[in-house]
Amino acid sequence: MSNPGTGTGPGDLSAFIAGLPKAELHVHHVGSASPRIVAELAARHPNPAVPTDPEALAEYFTFRDFAHFIEVYLSVVDLIRDAEDVRLLTYEVARDMARQNIRYAELTVTPYSSTRRGIPEVAFMEAIEDARRAAESELGVVLRWCFDIPGEAGLESAEETARLACDLRPEGLVSFGLGGPEVGVPRPQFKPYFDRAIADGLHSVPHAGETTGPETIWDALTFLRAERIGHGTSAPRDPRLLEYLAEHRIPLEVCPTSNLATRAVPSLDDHPVTEMVKAGVLVTINSDDPPMFGTDLCTEYEIAARLLGLDAAGVATLARNAVTASFAPDHVKASLLAEIDAHLAAWSA
Ligand SMILES: [Zn+2]
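Let me begin by describing the structure that accompanies this report. (Residues numbered from 1 in each chain as written. Predicted model: local features only at pLDDT ≥ 70, side-chain atom pairs only at ≥ 80, totals over all residues. Heavy atoms only, no water.)

**Let's talk about the sheet that holds strand 4 (residues 173-179)**
- The sheet built from five strands is open, its strands ordered 1-2-3-4-5 with parallel pairing. At either margin of the open sheet sits one strand with a lone partner, and together these are strand 1 (22-28) and strand 5 (203-204).
- Set on the sheet, helix 7 (residues 121-139) makes contact with strand 2 (102-109) and strand 3 (142-150); between it and strand 3 the angle comes to about 150°.
- Strand contacts of helix 14 (residues 297-308): strand 1 and strand 2, with the helix running at about 105° to strand 1, the strand carrying the most contacts. (Pairing = 2+ DSSP bridges. Helix = DSSP H or I, 4+ residues; strand = E, 2+ residues; numbered from the N terminus. Contact = heavy atoms within 4.5 Å. Axes fitted to C-alpha atoms, helices over the stretch in contact; angles between N-to-C directions.)

**With respect to the coordination of the zinc ion**
- Around the zinc ion, the protein supplies His-26 (NE2), His-28 (NE2), His-207 (NE2) and Asp-288 (OD) as donor atoms, at distances of 2.1 to 2.4 Å.
- Note that the zinc ion binds four donor atoms; their angles at the metal cover 85 to 175°, and the shape is irregular.
- All donors of the zinc ion belong to a single chain; written as a sequence motif, their spacing is H-x1-H-x178-H-x80-D. In this pair, His-26 is assigned in strand 1 and Asp-288 in the loop between strand 9 (283-285) and helix 14, connecting sequence segments 262 residues apart. Both residues of the pair, His-26 and Asp-288, count as buried. (Donors = N, O, S within 2.8 Å, 3.2 Å for Na, K, Ca; no water. Tetrahedral: all angles 85-135°; square planar, octahedral: opposite > 155°, others 65-115°. Buried < 20%, exposed > 50% of the residue type's maximum accessible area, 1.4 Å probe, protein only.)

**Looking at the sheet that holds strand 8 (residues 252-254)**
- On the basis of which strands lie adjacent, the open sheet formed by four strands has the order 6-7-8-9 and parallel pairing. Each end of this open sheet is capped by a strand with a single partner; those strands are strand 6 (207-208) and strand 9.
- Across three bridges, strand 8 lies against strand 9 in parallel orientation. Across the sheet, the residue bridging to Leu-252 is Val-283, located in strand 9.

**With respect to the packing of helix 8 (residues 154-168) against helix 9 (residues 191-199)**
- Look at helix 8 against helix 9: their axes get within 9 Å of each other, and the N-to-C directions meet at 5°. What the angle tells us is that helix 8 and helix 9 run roughly parallel. Where helix 8 approaches helix 9, its residues Leu-155, Ala-158, Glu-159, Ala-162, Arg-163, Cys-166 and Asp-167 are matched on the opposing element by Tyr-193, Arg-196 and Ala-197.
- Across the contact of helix 8 with helix 9, the residue classes break down as six nonpolar, no polar and four charged. (Parallel < 35°, antiparallel > 145°, perpendicular 65-115°, else oblique. Nonpolar A, V, L, I, M, F, W, Y, C, P; charged D, E, K, R; others polar.)

**Points about helix 16 (residues 330-348)**
- Its 19 residues place the ends of helix 16 27 Å apart at the C-alpha level, agreeing with the 27 Å of an ideal helix rising 1.5 Å per residue.
- Those residues of helix 16 lying buried are Val-332, Lys-333, Leu-336, Ile-340, His-343 and Leu-344. An end-on view of helix 16 places all buried positions within 100° of arc, on one side of the element. Exposed side of helix 16, more than 90 degrees from the buried face: Asp-330, His-331 and Ala-346 are the residues found there.
- Where helix 16 is buried, its residues meet helix 1 (13-19), strand 1, strand 2 and helix 15 (312-325). (Expected span 1.5 Å × (residues − 1). Arc of directions from axis to C-beta.)

Structure representation (structure tokens):
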């Protein structure tokens, strides 16, 4: 849902954020399915677990804890049955991004979830690539992919994800990730699969420190050679880790509302983003699974601005951080940075 803001005049930070050209680095493909899309998919592929009425869906998307979130998420994954579902979902997600002035996004895609459900792998790759090209030319949204291992599915899924990433390598693929639960899913076991992806030229961006402590983030850095960390919420518990992240310019992909929804933080006011920024860590703001968490990227920027006490210039810095930390082509980075500067200059004038 979008935040209506408090006014439309100069000084209204909500309006500044809405018009700000943005990049998003941590947002999941299936987790971006809006209730309308989910309802459409549920109607096409009836599943008694998933309501088709958008109001009932909103209720369905209220999570008791992280395990419950994973359960609901997987029931939505189960609605993606054929390549046309994949193409529609991807393009519609880009449409929602365009509405928020998100101009570049690295979308975390879990191909294993689809190929093991019988969607032919080549058709899957064609569907996301087709949607990517259409999103760029028709909506002005540049998409890139992060293929992630669903941690809960074990090493077989890691092997398969690495194979799909390296052997089928769609043009838009830039990185390799690891998601799902962290408790009981140690990071070091995924080292061989990350080694393969990195050797193939992909960037390493695992989730870590979302529901476990800083040791998981160290593991992601040491064993998976993480270049960015998904969440990293527990990093501030280890000052030496914060120092390391700052010194080595390892960005964190911070998703405030997601952390609250999955109970990774007890309240937004308790979110450690302030400590991250104070320590000099490159912080980026993201929405993770926005419709499932009743949020969107603009709302996450507003929350970050409140927590960090930022004005328009400070918010523009957060937007620049995301561009800097991205794996976008240089010309996309340069033009986005220039547009952010122009938006701020116009606002300040
Ligand atoms: Zn995530």
